[in-house]
Amino acid sequence: MNEHYPFVNPPLPYSYDSMEPYISRQTMELHHNGYLQTYINDLNQALENHPEYQTFSLDELICYADNMPAQIRSSVLHNAGGAYNHIFYFSLLKKCDNTQPSGELADLIAWQFGCFENFQDLFTAAALSVFGSGYAWLVLDQDDKLAFRTTDNQGTLLSSGDRPIFSIDVWEHAYYLQYYNMRSNYIHDWFSVINWEQAERNFSDAKNNGA
Ligand code: MN
């Protein structure tokens, strides 16, 4: 991803069929080449006539959007959020043998939640609680505890002090072609394609960076 305008859609580090059968090729292709590409195109369009913001990173655009002129504010917020959230979501997908974390993240999950299955049930409940479109997140909170968060639409946690470890996109476009209205089945299958190595790196970075 470019640091700033003009933003480009970063290629996925895996093929569109890599997450089969848990997330279909058709869903991955539409999601990355359709939805994420559109967020990026629309963000570039919003910034086209605003050179004063063309050096801003995605994070900076999201955090500064409230100070922008009214005619681009909501577009920048929605589209920079959409780009940021999707790049993060796609970075946390990988089909691999380990379907649970290891190391210190596994230890903290066990300490806070007792067992992985309990953690999975609670995260699933959080993801099911998103009313309409949005995301559910596992974060390290300001007390260095694991916590669940939800955001609506393309909202982010950038200004919250929470440090994201992973997220699941629960917009219908993330699952509807394959799972129809059964969001719970998508969440269940998504647990088979979490990139735990990346989640462990995010956890380690979060601990080292502090709240
Ligand atoms: Mn999406």
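Residues numbered from 1 in each chain as written. Predicted model: local features only at pLDDT ≥ 70, side-chain atom pairs only at ≥ 80, totals over all residues. Heavy atoms only, no water.

Peer 1: Could you clarify how one ought to interpret the overall build of the protein chain in this entry?
Peer 2: In terms of regular secondary structure, the protein chain is built from eight helices and three strands. Its helices and strands in sequence order give the protein chain the pattern α-α-α-α-α-β-β-β-α-α-α, from N to C terminus. In terms of overall dimensions, the protein chain is globule-like: its C-alpha atoms have a radius of gyration of 17 Å, near the 17 Å expected for 211 residues. With the principal axes as the frame, the protein chain shows a C-alpha extent of 50 × 40 × 30 Å. Burial status across the protein chain gives 48% buried among its 211 residues. Here the analysis covers contacts within the protein chain between residues at least 6 apart in sequence; of these, 66% occur between residues at least 24 apart. Within the structure as shown, the protein chain displays about 10100 Å² of accessible surface, and the carbon and sulfur contribution to it stands at 47%. Between the mean site of the 10 positive side-chain charges and the mean site of the 26 negative ones, the protein chain shows a separation of 3 Å. (Helix = DSSP H or I, 4+ residues; strand = E, 2+ residues; numbered from the N terminus. Rg over C-alpha atoms; globule rule 2.2 N^0.38 Å. Buried < 20%, exposed > 50% of the residue type's maximum accessible area, 1.4 Å probe, protein only. Contact = heavy atoms within 4.5 Å. Areas by Shrake-Rupley, 256 points an atom, 1.4 Å probe, with all protein chains shown as cover. Lys, Arg positive; Asp, Glu negative; His and termini not counted. Charge placed at Lys NZ, Arg CZ, Asp CG, Glu CD.)

Peer 1: Is there a simple way to explain the coordination of the manganese ion in this structure?
Peer 2: Six octahedral donors around a metal ideally make angles of 90 or 180 degrees; four tetrahedral donors ideally make 109.5 degrees. Here the manganese ion is held by the protein donor atoms His31 (NE2), His86 (NE2), Asp169 (OD) and His173 (NE2), which lie 1.9 to 2.1 Å from it. Mapping the donors of the manganese ion onto the primary sequence yields the spacing H-x54-H-x82-D-x3-H. Here His31, found in helix α1 (residues 25-47), pairs with His86, found in helix α3 (residues 70-91); they are 55 residues apart in sequence, far enough to count as distant. (Donors = N, O, S within 2.8 Å, 3.2 Å for Na, K, Ca; no water.)

Peer 1: How should the pattern of salt bridges be read in this particular structure?
Peer 2: Between side chains of opposite charge, a pair can form when the charged atoms approach closely. Using the criterion set out here, one finds five salt bridges in the structure. For Glu104, the salt bridge identified is with Lys207, shortest N-O distance 2.1 Å. A residue pair is termed long-range when its members are at least 10 positions apart, and Glu104 in helix α4 (residues 103-113) and Lys207 in helix α8 (residues 196-209) qualify at 103 residues. (Salt bridge = Lys/Arg side-chain N within 4 Å of Asp/Glu carboxyl O.)

Peer 1: Is there a simple way to explain the nonpolar core in this structure?
Peer 2: One broad rule of soluble globular proteins: the nonpolar side chains tend to lie buried together. Among the nonpolar cores identified, the biggest contains 66 residues, and Leu61, Leu93, Leu146, Phe166, Ile168 and Trp190 are the most heavily contacted of them. The element best represented in this core is α3, accounting for eight residues. When neighbours within four sequence positions are excluded, Phe166 is seen to be in contact with Phe88, Leu92, Phe119, Phe123, Ala136, Trp137, Leu138, Trp190, Ile194, Trp196 and Ala199. (Core = buried A, V, L, I, M, F, W, Y, C linked by side-chain atoms within 4.5 Å.)

Peer 1: How should I be thinking about unusual backbone geometry in this particular structure?
Peer 2: Only a minority of non-glycine residues have a phi that is not negative, and only a minority of peptide bonds are not trans. In this structure, the amide linkage connecting Tyr5 to the following residue, Pro6, adopts the cis form with an omega of -10 degrees. The backbone of Tyr180 sits at a positive phi, close to 55 degrees, despite the residue not being glycine.

Peer 1: Would you mind going over a nonpolar patch on the surface with me for this structure?
Peer 2: Taken together, Leu30, Tyr35 and Leu177 make up a surface patch of nonpolar side chains, about 250 Å² in accessible area. Mapped onto the secondary structure, Tyr35 falls in helix α1. (Patch = residues over 30% accessible without salt bridge, like charges linked within 9 Å, V, L, I, M, F, W, Y side chains within 5 Å.)

Peer 1: Is there a simple way to explain the packing of α4 against α8 in this structure?
Peer 2: Each pair of packed helices can be described by the angle between their axes along with the distance between the axes. Relative to each other, α4 and α8 sit at 80 degrees, their axes nearing to 8 Å. Considering the angle they form, α4 stands roughly perpendicular to α8. Residues Glu104, Leu105 and Leu108 of α4 touch α8, and the partners they reach there are Trp196, Ala199, Glu200, Phe203 and Lys207. Across the contact of α4 with α8, the residue classes tally to five nonpolar, no polar and three charged. (Axes fitted to C-alpha atoms, helices over the stretch in contact; angles between N-to-C directions. Parallel < 35°, antiparallel > 145°, perpendicular 65-115°, else oblique. Nonpolar A, V, L, I, M, F, W, Y, C, P; charged D, E, K, R; others polar.)

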